[in-house]
Structures are given as structure tokens and as C-alpha cells.
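The lines below spell out each chain.
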Amino acid sequence: MKLLTVCGPPSSGKTSVITKTIEILRQQGLNAGVVKFDCLTTHDDALYEEKGIKNKVGLSDSLCPDHFLVSNIEGCLRWGIDQGFDLLITESAGLCSRCSPHIKGVPAVCVMDNLMGINTPKKTGPMLRFADIVVITKGDIVSQAEREVFAFRIKQVNPRGKILHINGITGQGTFQLAGLFMEAGDIRTLKDKELRYSMPSALCSYCLGERQIGEEFQMGSGKKMVFDEVK
Amino acid sequence: MGLQQNSFLKMEQLIKEYPPLRGFLENMNLPLDKITLLPEEYFRSLDSFVLEETGLGRVELQDLFQSYLQHLQMIKEDQGSIGSLTLWGGQDKAGKPEEVHLHIQRGEIVCLVGPTGSGKSRLLEDIEWLAQQDTVTRRKVTIDGNVPREELRFSSGRKLVAQLSQNMNFVMDVTVYEFLKMHAESRLMKNIEELVDIVVEQANLLTGESFGKDVPVTSLSGGQSRALMIADTAALSVAPVVLIDEIENAGINRSKALELLVSRDKIVFIATHDPILALMGHKRLVMKNGGMIKVLERSEKELEALEKLQMIDRKINEARQLLREGAKLESLF
């Protein structure tokens, strides 16, 4: 089975891009499934269901969604193989822009949209920087110049990623993406595979449920901002 | 400047030649105080903490830097112009072979005609993707008579097709000047100030309501926005092919807009059923059921028809103006 990780900021069009691409793959007789990772709640299972796409939702709840993803990715792979998929796609939102679900040896896709503003590529971090394929959506509603500048800024963060412009509504460009998906190699196990980038070091009292503010309640790894002193 | 020469340049010299390199270093949180070194020395000088933050090894990081440098070099050297483009027929929605092919020279206008769902968007998608019989339509695109190189497909710096449509808006919170400057910088252009002035001037020729370069792009009217988009695409877009979708009611001088694009040696595709616009095209591609049915060349007779249509158009505009002024239309003819 082929495995791909798709990520991107919330509302960038991940679900639309995946749905349209799977429709193309289906026309080619391929069976693809999705695991959607989210934090508190999701509506995407209904969207996939509507299109008849087999899917599984993982809600991380009080945990960091990307830590949750890595801890569960092997189970997802087994589920996908058991389901007899040709291809399994994980979808996650990379909520703090610091995490990245990308795994060495597993094709990584990042979805960005033209409306995010030209400084967003710079702020997006590892999930964009380590992607093999960068999908840019919502190009149909901004000017040509903005599309060009946005793609330029993405290149500046990720010079090697292949850039694809996709219209999530009409599906324009998904035929090409489906072709790239099919170039992924077969994967039977993720044992001994490695993440492309470390997860954030988050192990402090607040990770463990502390709510009280104040120095004496802060334990574990912490980092303090530096402010200029007023003379 | 070739790659060979670049290897003797210090980081700061490279940054001077290719300013976006600075942004690359900043994005990676790499130090800017050591740019007096040669790239080799620079990457050797990075400590393990800095490297760890990038998530890359020293060699990988330097390779990535070199890839980006090559990408910028390509943008700088490539003028993006192509001589001609040929679209070879594949099949329509029913699998019926397309008997026609379309050959377009730069500076030519091709109109796409056919009902909704006749396959106009798919055709433009094939051009943008440089289809090599690997899309559902099985069409093939050649440039200057050759099969295009693979890297053309995914490189944003060489995007082949620029698009303009009625639905497009500016979303950046910047002034006209900043907007054009940003676009020109992404193309590594020189004489930016001069270019900005030219583009604003051209845009003002296309719209009735003139605007200056200090207004925010988001506050431009529909007509002004369209005019700026067209002038900007003509002068600053990397794409040699421009696709225009439905600009019938854009509030701009459409003939002048097309003339401007063509004068920049663009190949212009325009999906339209406006008779005046359609007759401005040198060729007309007729689409049906996902297939190219035929290519019509504009004839002498049609040119005569165009003149008459333009005369009618002027009359209608005149009538509109009279109505606006509260006058009677009795003396129109």
C-alpha cells in the first residue's frame, strides 16, 4: 500500500484537494482511504462519507495533534492494509505551525492557500519546509501577481518542493496530483522510519493540565522572553 | 553570471546579486553576521545548535541553498518568452479522436468558443500542465516544436500560463506601488521604480477612472483592478501565455488591453462570446463535447464585420452616455 501525509493550515483546502484527487484515482480503478487527524472535533468524516470515501477520524483531544499522529501512524497503516487500500492518505492540520507529520521515505504534501497572506509561507515552518509536494489552492480568486509572489515565497522556504496549483472546487490540477501520488512507493511497515523534523519539546506543567498562572506553577521545559529594561 | 563564477563569490556578493537569498537564510534562522564568508566556509562555520534547528545536516543544507540559488538564477536568465506553442489533438469526452491541432505564434490572440461544459477549462489545463498524452484528453503540447523539459512542469518560476478572470481580486494589504515592487522583485528585475511607473501608466490607459500608485490595491474599483492586473501581467508576469476568461463587463477598454498583451509578445487565449472580442482574435478555436472541433482563421470579410460591430458598439456607448446625461436619444442616428 502507498502512504502519503497531507498537512496544511486549517481551511487551506486539504479535504477538497484529497477528495477530488481520490475521485481521479478511483476512475483509474484504485481504492484509497483517509485518516483524518484533528484536535477537538471534525466535520470532514461527513464530507468523505458523502463521497463514499472510506475514512477514520482520530481526535487528539487534550494531546498535541501531531504527537498523537505519530503515536498512531503504525495503527493507521495496519488499518489501511487490512482495508485493502491501494493508497492511504493521512490528513492533519499542523495547528501550531511548528509540528510536521512528515516521515522520511513517505511522500509529504503540504496544502497552502493564496488567501493566507504572503508572509504565511515564512511562518509555516517544517510542515511546509519538508514537503515534497506543495499544493496551492484558491488561485482562482486572487490576481496573477499575487499567485506568482505567493509561489515565489513558498520556493524561498522550500526550494525543492514541487509546486502544484489546484482548484479545490473544480478539481483543476488534481489529475496531476493523482499522478504524483501514484509515484509513491509501497510501504508495509513504518518500523525504523524516522520523522523529518523533531516535534516541539513540550513537557511542562501546562502540558499536564496545570491552569494556574505564576512562576511557582511552572515546571519542566520552559523558555522566557527577553524584554528591554526601562532605565 | 554562470554557476561557475558563483562558486568564487562570497555569501554577501551572492545576496547582492540574488537578494531573495537573504530571505532564505532568514527563513532557516541562519546567521546573517557571517555572510562575509564563501558559501563553503559559511556552512562549515554553522554550529550544531543552528543546524539542529533547521532539521538538516550541513551538507543537505548547503545543497538546498545551492538548489535555491540555481532556481533564482533560472528566474533571472529566463525571459520566459517562447516562439510558438502547438497543441496536438487527443480525444473528446466520448473518446472520439480530435482531428485538429492548433499552432500559435507569440503575439497572437486565440479565441475559445463553445457552450459551457464544452471543454474550454480542460483545454487550458492541458496547456498549463504541458500535457504529454498523459491527461484524460490525451493531448500533447509542444513548445517551439519540441517536447518541453520536465522541470517546466513544476517550477513556479517558469509558470507558463497567467490567468485573468472576472472573479479575481486583490487580497494583499499593500499599495499599488508596494504591490508592483513585490512582483518585480520576485522576478529579480532591475529598474523597479521605472517599471512601476510604466505599469501604472499603462493601467491608466485601460481604465476610465485613473488612479495613482499610493492607493491600496484593495480599494481599487472593479475596472481599476482589472486594468492593473492586465498591465501587471503584460509587464511583469513570467508567463508567456495569458488566458483571459470572461472580461466582457470588466469596465476597461478591452481592445487596448488585448493590444497591450500582444505587444509584449504574449500568446493570448480568450474565452469569450463577445463578438468584438472574438473577432479581435487571429484564430478561433471551436470546442464541443470536450473536443477541439475546428480552428477558424479570421477572414477579410470578418474584419469588415468587426468594423461594423465596433461602429454599433460606439453607438451603444454614445446612447448610454446620453441616457446618463438625461438627454433624449432622438439624434442618435
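Above this text you will find the structure in question.
Only a predicted model underlies this, so the values are computations on that prediction, with no experimental measurement involved. (Residues numbered from 1 in each chain as written. Chains lettered and ligands numbered in written order. Predicted model: local features only at pLDDT ≥ 70, side-chain atom pairs only at ≥ 80, totals over all residues.)

Another point: the pairing of strand β2 (residues 101-105) of chain B. Residue and element names in this part refer to chain B. Of the two faces of β2, only the one carrying L102 and I104 is buried; H101, H103 and Q105 on the other face are not. Across five bridges, strand β1 (residues 84-88) lies against β2 in antiparallel orientation. Residue pairing across strands places L85 opposite I104, the latter belonging to β2. (Buried ≥ 20, exposed ≤ 12 C-beta atoms within 10 Å, placed from the backbone. Helix = DSSP H or I, 4+ residues; strand = E, 2+ residues; numbered from the N terminus. Pairing = 2+ DSSP bridges.)

This part takes up the sheet that holds β1 of chain B. All names here are of chain B. Taken in spatial order, the three strands line up as β2-β1-β4 in an open sheet, and their pairing is antiparallel. Edge positions in the open sheet fall to β2 and β4 (140-143), since each of these has one partner strand only. Across the sheet, the mean angle from the axis of one strand to that of its neighbour is 15°, orientation sign disregarded. Sheet analysis places β1 next to β4, joined by four bridges and oriented antiparallel. The partner of L85 across the bridge, within β4, is I143. (Axes fitted to C-alpha atoms, helices over the stretch in contact; angles between N-to-C directions.)

A separate point is the interface of chain B and chain A. Counting residues at the interface gives 37 residues for chain B and 29 residues for chain A. For the side of chain B that touches chain A, the elements supplying multiple residues, two or more each, are α3 (20-27), α6 (58-77), α7 (120-129), β5 (161-165), α8 (176-186) and α10 (222-236) of chain B. Residues belonging to the side of chain B that touches chain A are distributed by class as follows: 18 nonpolar, 16 polar and three charged. (Contact = placed C-beta atoms within 7 Å. Nonpolar A, V, L, I, M, F, W, Y, C, P; charged D, E, K, R; others polar.)

Attention now moves to the sheet that holds strand β2 (residues 32-38) of chain A. Residue and element names in this part refer to chain A. Taken in spatial order, the seven strands make up an open sheet running β3-β2-β4-β1-β5-β6-β7, and their pairing is parallel. Of all the strands in the sheet, just β3 (55-59) and β7 (162-165) have a single pairing partner and so form its edges. Adjacent strand axes in the sheet meet at a mean angle of 20°, parallel and antiparallel pairs treated alike. Two strands pair when backbone bridges link them, and strand β5 (residues 108-113) and strand β6 (residues 133-137) are joined in this way by five bridges, in the parallel orientation. Paired with V111 across the bridge in β6 is V135. Contacts between helix α1 (residues 14-27) and the sheet are confined to β1 (2-7), β2, β4 (87-92), β5 and β6, with β4 contributing the most and set at about 170° to the helix.

Turning our eyes to something else, we now look at unusual backbone geometry. All names here are of chain B. Even without glycine at this site, D144 takes up a positive phi of about 50°. Topologically, D144 is positioned in the loop between β4 and β5. Classification of D144 as exposed rests on a count of 11 C-beta atoms within 10 Å. Notably, N289 is not glycine yet its phi reads approximately 45°, a positive angle.

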